[in-house]
Amino acid sequence: MQAMELVDIEDVYPYEQGDVRMNPRDVSSKECREYIAQLAEQFKRNRLNPGQPRVRPILYRDGGIYQIIDGECRYEAMKLAGTKRFWADVYDDLADAETARQEAAKAMVETDAKRALTPEEMSRGVQTMLALDVPDEEVAASARIDAGAVRKARRGARATGDAAYDMTLDRLMAVAEFEGDPKAVAQLRDCPQREWRRVYEELAGEREREKAVEAARAVLAVHGAREAEGSDGTVLCAYVRIDGSAEGRVADEIEREPRIDRYTIDEGGRWIALRRAEEPEDAAASSDERRKREERQKRAGKAADEWARETEAREEWLAGRLGDLRSMRRTAKLLAGRVEARCAEMAERTGARADFSPTPALVLAGWSLSWAPAEQAAVSAAVEGRALPWAASRAQAAGYAELEEAMEADGYEPTGTGAAVARAMKEFAEGEGR
């Protein structure tokens, strides 16, 4: 039997079984006490029932006392606000009270037509259902999210403990990805809410680099190459940038130069230098070889200087047309589209709608998101018709070539170096470059 009753707060106690508190939330934690203090202030502003919550706690009548089945934080907040009596939904049957608690948790995230839940409130509702062992499929249906996301959120909440209370669901899912790494979990748990995405991206990037390094090491081990501490007595064969395709590029370099027998990795973990033992003919290089090497160095320096001028020319062209986007229609549309693409995941997750029609601000943002070669060796290689795979991914090269094509369609005239770089990047993106 269920009834709405006005109960004395002194007759109400936390729900226990065999001296064990059944509420998994630690209401004494710093995070929870801050939340309770916020609730107390809200309850004081309840005009209908001052000092009481707008959502009634669920109580189980156990003889002459009441046990809290749902609403222990509200109970603590009322005590803090000085409330003496409050309205509650009281059940005589414990099973009915537990069912009501589960349904209340579902209702919190289902019924948000009058006021949309904040991400933190949605997360608290989902966490309440998880603590009540509501099946993942039911939680997913109530919160309108994927069951797989519910499972990840459950793991993230388990890994962060009470700190999870004020975390959004996507942050909890990010934590779940690193649940086997206590240091990473601590970083995601302890950083400010506004910074957790940046922390996550850095951790994810580091994890991918570590995977790429291990994969590349495995290829080198099969070949019989060993990791060296220095470069003395060796000849550099190639640099390979550490990313998702490093394993394949290492294999390609080994195929081109079977004598590779050692390698070094820079301190930042971003490059692998593939080397071979120096041979007598290497030490006694002919004057002709030295001359060729010096000529290559001169060309590389010249290419770097020309590329600096090309970069300046591109930026001047952009700045001169921002005031009238009609003078760069195709480029403006492309750059605004890159901003929209970058925001697509967040827009889908939040249901937000935004106008991404080209504006000077969006065009500038799209430009800042666009990759361009920066390393001297990369520019030199492009000018010589070799878009080295360690200098750019095919996606980066394709993006550069696409932007260059749009700019030229809008009247931009590249320098000779600019045209050579664009041509090399397009060939590389299409799978024709080295």
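Residues numbered from 1 in each chain as written. Predicted model: local features only at pLDDT ≥ 70, side-chain atom pairs only at ≥ 80, totals over all residues. Heavy atoms only, no water.

Chemist: Provide a residue-level description of the overall build of the chain, including the pertinent values.
Modeler: Helix and strand content of the chain: 17 helices and eleven strands. In the chain, which comprises 434 residues, the proportion classed as buried is 42%. The long-range fraction of contacts in the chain, counting pairs at least 24 apart against all pairs at least 6 apart in sequence, stands at 68%. Of the roughly 24000 Å² that the chain leaves accessible, carbon and sulfur atoms contribute 48%. (Helix = DSSP H or I, 4+ residues; strand = E, 2+ residues; numbered from the N terminus. Buried < 20%, exposed > 50% of the residue type's maximum accessible area, 1.4 Å probe, protein only. Contact = heavy atoms within 4.5 Å. Areas by Shrake-Rupley, 256 points an atom, 1.4 Å probe, with all protein chains shown as cover.)

Chemist: Now, about the side chain of E310: what can you tell me, with residues and values included?
Modeler: Tracing the backbone through its elements, the reader meets E310 in helix α12 (residues 287-321). Of the side chains bearing the opposite charge, R314 lies closest to the buried E310, which forms no salt bridge; the N-O distance is 4.7 Å. At 2.8 Å, the side chain of E310 forms a polar contact with the side chain of Y412. (Lys, Arg positive; Asp, Glu negative; His and termini not counted. Salt bridge = Lys/Arg side-chain N within 4 Å of Asp/Glu carboxyl O. Polar contact = N/O pair within 3.5 Å; in protein donor to acceptor, adjacent residues only side chain to side chain.)

Chemist: Could you give an account of the environment of T311, naming the residues involved and the relevant values?
Modeler: Relative to the assigned elements, T311 resides in helix α12. As for T311 and P414, which are separated by 103 residues in sequence, their C-alpha atoms are 9.7 Å apart.

Chemist: Would you mind going over the packing of aromatic side chains in detail, with residue names and values included?
Modeler: Taken as a whole and assessed by the stated rule, the structure comprises five aromatic pairs. For the pair W307 and Y400, a centre-to-centre distance of 6.2 Å together with 50 degrees between the ring planes defines the contact as tilted. Of this pair, W307 sits in helix α12 while Y400 sits in helix α16 (residues 394-409), placing them 93 residues apart in sequence. Since its relative accessible area comes to 8%, W307 is described here as buried. Overall, Y400 belongs to the buried group, its relative accessible area being 1%. A ring pair is formed by W317 and Y412, whose centres lie 5.7 Å apart and whose planes are at 70 degrees; its orientation type is edge-to-face. Of this pair, W317 sits in helix α12 while Y412 sits in the loop between α16 and α17 (416-429); the two residues are 95 residues apart in sequence, bridging distant segments of the chain. Each of the two residues, W317 as well as Y412, counts as buried. Clustering of aromatic rings is evident, with ring pairs tying together F178, W196 and Y200. (Phe/Tyr/Trp six-rings, centres within 6.5 Å; stacked < 30°, edge-to-face > 60°.)

Chemist: I'd like a rundown of the packing of α16 against α17, residues and numbers included.
Modeler: Their axes nearest at 8 Å, the elements α16 and α17 cross at an angle of 135 degrees. Here α16 is positioned oblique relative to α17, judged by the angle of their axes. Considering how the two elements wind past one another, α16 and α17 form a crossing that is left-handed. When α16 is examined against α17, the residues R394, A397, A398, Y400, A401 and E404 are found in contact with a partner set consisting of G418, V421, A422, M425, K426, F428 and A429. (Axes fitted to C-alpha atoms, helices over the stretch in contact; angles between N-to-C directions. Parallel < 35°, antiparallel > 145°, perpendicular 65-115°, else oblique. Left-handed = near helix turned anticlockwise from the far one by under 90°.)

Chemist: Before we move on, could you go through α16 and cite the residues and values that matter?
Modeler: Helical periodicity: at 3.6 residues per turn, an α-helix aligns residues three or four positions apart in one direction. The end-to-end C-alpha distance of α16 is 22 Å, a good match for the 22 Å that 16 residues give at a rise of 1.5 Å each. Buried residues of α16: A397, G399, Y400, A401, L403, E404, A406 and M407, and no others. Following α16 by one or two positions, G411 has its phi on the positive side, about 105 degrees. (Expected span 1.5 Å × (residues − 1).)

Chemist: Explain the packing of helix α9 (residues 196-223) against helix α10 (residues 246-256) to me, and be specific about the residues and the numbers.
Modeler: For the pair α9 and α10, the least separation of the axes is 8 Å and the interaxial angle reads 25 degrees. It follows from the interaxial angle that α9 and α10 lie roughly parallel. Considering the relative orientation of α9 and α10, their crossing is right-handed. For the pair formed by α9 and α10, the contact residues are A215, A216, V219, L220 and H223 on the first element and E247, V250, A251 and I254 on the second. When its residues are assigned to classes, the contact of α9 with α10 shows seven nonpolar, one polar and one charged. (Nonpolar A, V, L, I, M, F, W, Y, C, P; charged D, E, K, R; others polar.)

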